[in-house]
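Listed below, chain by chain, are the residues.
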Amino acid sequence: MSDSILRFENISKTFPGVKALKNISFEIHRGDVHVLLGENGAGKSTLIKILTGVYQADEGGTIYLNGAPVKIHDTLQSRKLGIGTVFQENSLIPHLNVAENVFLTRELRNASGTIDWKRTYTECERWISELGVTHIDPHAQVRKLSVADQQIVEIIKVFSQNPSIVILDEPTSSLSDNEISNLFRIIETLKKTGVTFIYVSHRMEEIKQIGDRATVFRDGELTGEIENCKTADMDQIINMIVGRTLEEKFPHRESRIGDVMFEVKDIQVPDTIYDISFTLRKGEVLGFSGLVGSGRTSTAKAIIGAIPRTSGEIFINGQKVKVTNPAEAIANGIGYLPEDRKTEGLILTKSVKENISLPSLQRKFKRGFILDGKKERDAAEEYRDKLRIKTPGINRLSKFLSGGNQQKVVFAKWLCSEASIYIFDEPTRGIDVGAKSEIYQIINNLVGQGAAVIVISSELPEILGICDRVIVMRDGRITANIDRADATQEKIMSYSI
Ligand SMILES: Nc1ncnc2c1ncn2[C@@H]1O[C@H](COP(=O)(O)OP(=O)(O)OP(=O)(O)O)[C@@H](O)[C@H]1O
Ligand SMILES: [Mg+2]
């Protein structure tokens, strides 16, 4: 008999207009890293939220924990059952510091019952050094941390609860390679002590690296089970996920590169980025590589005026332009897809349609004050199809979409704005394998039509797969500018560290 720690039997979940899970039955073995796979909107996070008591499953299903049926009413109860969860959405309190967040609601106390701050900070520091993230200060306010560091604090918070089941919903989407390998090392160590992991990721290489068994979902149904991730055939897994054969991960493009279209001269942001100068040509895809924190996002933000720069000039087609805030960037045809879509890219309480049309309202959809509703709807439908955004309709509020589908909405919004220069910051983060290659195709089409594109990406295969040229950054400076023909992973890495 297998040693199953968790068993799902006939689990279904219905939301208004959506059947997110349909009669799901499978089991998870003790001490495994069990990977949940599936396209954006397949139902992975919904299953996790049922297990953690955020949602209740429909009538008729049962969850067995250690062989006994359990009813999980809320998150507190799930935690008492030994389940620790790093959710896809950030759940930290921004104005509290790192250590306060880690021990929130389970403060360490000394004999007299007062909070033991000394132990709180040393415990926190112990995890910080285990994860190899000593740049994080336990006293730092969480809202001042980068997306990646906030993600790490979430992980520390969960690991420090000593759970017997750890759920990680896309934990690595914003982490650097180094942080990912530290995380994997800790997972391996905890596995040996019998901890079980449920792991969600769209990064295919991680399935083999960390996974033992896997379950594949499509449209709320269980469509495949993988008994051994280490020996599984990758193409077959991708087929199970997308339900069709994926021809080319990186679709081919004939580069047709024209004159310099965009130029940045000597951009500075004190203590952040220094002497940033580069050119971008018509029809060119320029990659920005570097470690997390190397200054790529700050460069993008300084260009569009989202953070103030102390010097620097921007030229479009040889003409100097004034771009000191994001509105001026849009007006000059520069579109920026931010890396942190949740807080910067999307208005969760607005519909899919409104989000898509937002930056283009004045230019495309309005005549004076009158909105051309049909044109707006048609455009939203067009991008919903192009990007396969999974939603019952374009009037659905964005907050009801799955994480990856929200990302697609932000992507659609910038495509719809019809800029001539695009800066995409981690464009495929959290996006499923099938949609990734569609996004690459869209980038190809954009440059084919004469746009120029900058792609900031932490995934080297992506940089090498889609870019004509690569700029590498380290510690706020450009360290290399390499043509695709001369670029290799090793070469890029050597300029990154
Ligand atoms: N609170 C909600 N209200 C309405 N619909 C929801 C809600 N939460 C999820 N859904 C829908 O349920 C389906 C499954 O979503 P879920 O978040 O589980 O997907 P996922 O597999 O985690 O996707 P991703 O990889 O994009 O994170 C989607 O169609 C989503 O729109
Ligand atoms: Mg999800």
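Structure: above.
Below is a short write-up of the structure.

How each quantity is defined
Each chain carries its own residue numbering, running from 1 in the written order of its sequence. Each chain takes a letter, starting from A, and each ligand takes a number, starting from 1, following the order in which they are written. Since the coordinates come from a predicted model, pLDDT governs what is reported: local features require at least 70, and pairs of side-chain atoms require 80 or more to be given and counted, while whole-chain, interface and lining totals use all residues. Heavy atoms throughout the structure, all of them, feed into the side-chain values; hydrogens and water do not. Working definition: helices are DSSP H or I runs of at least four residues, strands are E runs of at least two. Numbering for both runs from the N terminus. Every radius of gyration here is taken over C-alpha atoms, with the globule rule written as 2.2 Å times N^0.38, N being the number of residues. Only protein chains enter the accessibility calculation, which uses a 1.4 Å probe. A residue is then buried if its area is under 20% of the maximum for its type, exposed if over 50%, and partly exposed in between. Contact criterion: two residues are considered in contact whenever any of their non-hydrogen atoms come within 4.5 Å of each other. Where accessible areas are quoted, they stem from the Shrake-Rupley method and a 1.4 Å probe; at the residue level, only the protein chains shown are allowed to cover. When charges are counted, Lys and Arg are positive and Asp and Glu negative, with His and the chain ends excluded. To locate a charge, the coordinates of NZ of Lys, CZ of Arg, CG of Asp or CD of Glu are taken. Only when DSSP finds a minimum of two bridges between them are two strands counted as paired. Note on definitions: angles span 0 to 180 degrees between N-to-C directions of axes, and those axes are lines fitted to C-alpha atoms, for helices only across the stretch in contact. Multiplying 1.5 Å by the residue count of a helix minus one yields the expected span of that helix. Working note: the arc is built from the helix axis to C-beta atom directions. It suffices for a single heavy atom of a residue to lie within 4 Å of a molecule or strand for the residue to be listed as near it. Here a polar contact is taken to be a pair of N or O atoms separated by no more than 3.5 Å, where protein atoms must pair a possible hydrogen donor with a possible acceptor and residues adjacent in sequence count only if both atoms sit in side chains.

Quick notes on the overall build of the chain
- When helices and strands are tallied, the chain shows 18 helices and 22 strands.
- Taken over the C-alpha trace, the chain has a radius of gyration of 23 Å; the compact-globule value for 497 residues is 23 Å, and the two agree within 12%.
- Seen along its three principal axes, the alpha-carbon backbone of the chain occupies a region of about 70 × 50 × 50 Å.
- Relative to its 497 residues, the chain shows a buried fraction of 54%.
- Partitioning the contacts of the chain with sequence separation of at least 6, the portion at a separation of at least 24 is 66%.
- Surface exposure of the chain reaches about 21,700 Å², of which carbon and sulfur atoms provide 49%.
- Looking at charge distribution, the chain has the averaged site of its 64 positive side-chain charges lying 4 Å from that of its 65 negative ones.

Regarding the sheet that holds strand β20 (residues 452–456)
- With mixed pairing, the six strands of this open sheet are ordered in space as β16-β19-β20-β13-β21-β22. Looking at which strands have only one partner, the edges of the open sheet turn out to be β16 (334–337) and β22 (477–483). This sheet shows a mean twist of 15 degrees between the axes of neighbouring strands, independent of strand direction.
- The pairing of strand β19 (residues 421–425) with β20 spans five bridges and is classified as parallel. When the sheet's bridge partners are listed, Ile-423 is paired in β20 with Ile-454.

Quick word on helix α4 (residues 117–130)
- Here α4 contains 14 residues, and its C-alpha end-to-end distance of 20 Å stays within 8% of the 20 Å for a straight helix at 1.5 Å per residue.
- Among all positions in α4, only Thr-120, Tyr-121, Cys-124, Trp-127 and Ile-128 are buried. Buried positions in α4, seen along its axis, are confined to an arc of 125 degrees and lie on one side of it.
- Residues of α4 that are buried in the fold lie against α3 (98–102), α5 (147–159) and α6 (177–192).

Comments concerning the site of ligand 1
- The environment of ligand 1 is made up of 23 residues, and the closest members are Gly-41, Lys-44, Thr-46, Ser-402 and Gly-404.
- Taking Lys-44, its side chain carries an N or O atom lying 2.8 Å from an oxygen atom of ligand 1.
- With respect to ligand 1, the side chain of Tyr-55 contributes an N or O atom lying 3.0 Å from a nitrogen atom.
- For ligand 1, the accessible surface in isolation is 640 Å², of which the surrounding protein chains cover 92%.
- Every element with two or more residues in the shell around ligand 1 is listed here: β2 (18–29), α1 (44–51) and α15 (403–416).

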